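Below are the chains, spelled out letter by letter.
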Amino acid sequence: MTICRSNPQRSALALSRYLSNEDNKHVKAAVEKCLAFHDIESEKDPETFVKKVLVACLCEATNSPVEAIQRERRKDFIRHNLQPYVFDFLLDDDYTRLDTKQGLDEVTDPRTGELTTVHRRIWRNVHRLQQHILFRASDHYAKFQRNNPGATAAYQVWNDVLAQVGS
């Protein structure tokens, strides 16, 4: 049996259903036995107390290892996936324009990792928050969401990616 710690409500519901099942009376009895011998007042965090007691009781009652897992989230997952779309947004003539007086820049294309020479660009809208709003309304962001269902780009994430890709 696995107890998932990524969503406490879901874990509690699963444990409740497990203990209410008629086939698991022996586990329910072991849980009640453990609760009778444990000083509830000494535990400061009730969620930790319940987790520890249930894991111990389930191990004892079922004679099987109980594994507690938690999904590891990478903080840079959305930032990494968002880079190509921000890069394309920066080169889109609807949002930026060529700065022919400033010359060329060498930038790294996030899709290929190769250095590319491009003309410097000037934002049509100078305010950073409004640039983010424009990005969220763009086709580039719509493509990002189609390819990464459920992913969003908050202002801070977008700002970090913009700094990485180039402003």
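Residues numbered from 1 in each chain as written. Predicted model: local features only at pLDDT ≥ 70, side-chain atom pairs only at ≥ 80, totals over all residues. Heavy atoms only, no water.

### Thoughts on the environment of valine 161
Keep this limit in mind: Secondary structure elements follow DSSP: runs of H or I of four or more residues count as helices, runs of E of two or more count as strands, with numbering from the N terminus. Exposure is judged per residue with a 1.4 Å probe applied to protein chains only, and the accessible area is read against the type maximum: over 50% gives exposed, under 20% gives buried, and values in between give partly exposed. Only heavy atoms matter for contacts: two residues are in contact if any of them lie within 4.5 Å across the pair.
On the secondary structure map, valine 161 appears in helix 7 (residues 155-165). Judged by its relative accessible area of 0%, valine 161 is buried. Among all residues touching valine 161, those that are not within four sequence positions of it are Arg79, Leu82, Gln83 and Val86.

### A few points about the nonpolar core
In globular proteins that are soluble, nonpolar side chains generally tend to be buried together. Worth spelling out the cut-off: In this text, buried Ala, Val, Leu, Ile, Met, Phe, Trp, Tyr and Cys residues form a nonpolar core when linked through side-chain atoms within 4.5 Å.
Counting 20 residues, the largest nonpolar core has Leu82, Val86, Phe135 and Trp158 as its most contacted members. When contributions to this core are tallied by element, the ones reaching two or more residues are helix 4 (77-90), helix 6 (139-147) and helix 7. With six residues, the top contributor of residues to this core is helix 4. Apart from the residues within four sequence positions on either side, phenylalanine 135 is in contact with Leu82, Tyr85, Val86, Phe89, His140, Tyr141, Ala153 and Trp158.

In short, shape yes, function no, at least from these values alone.
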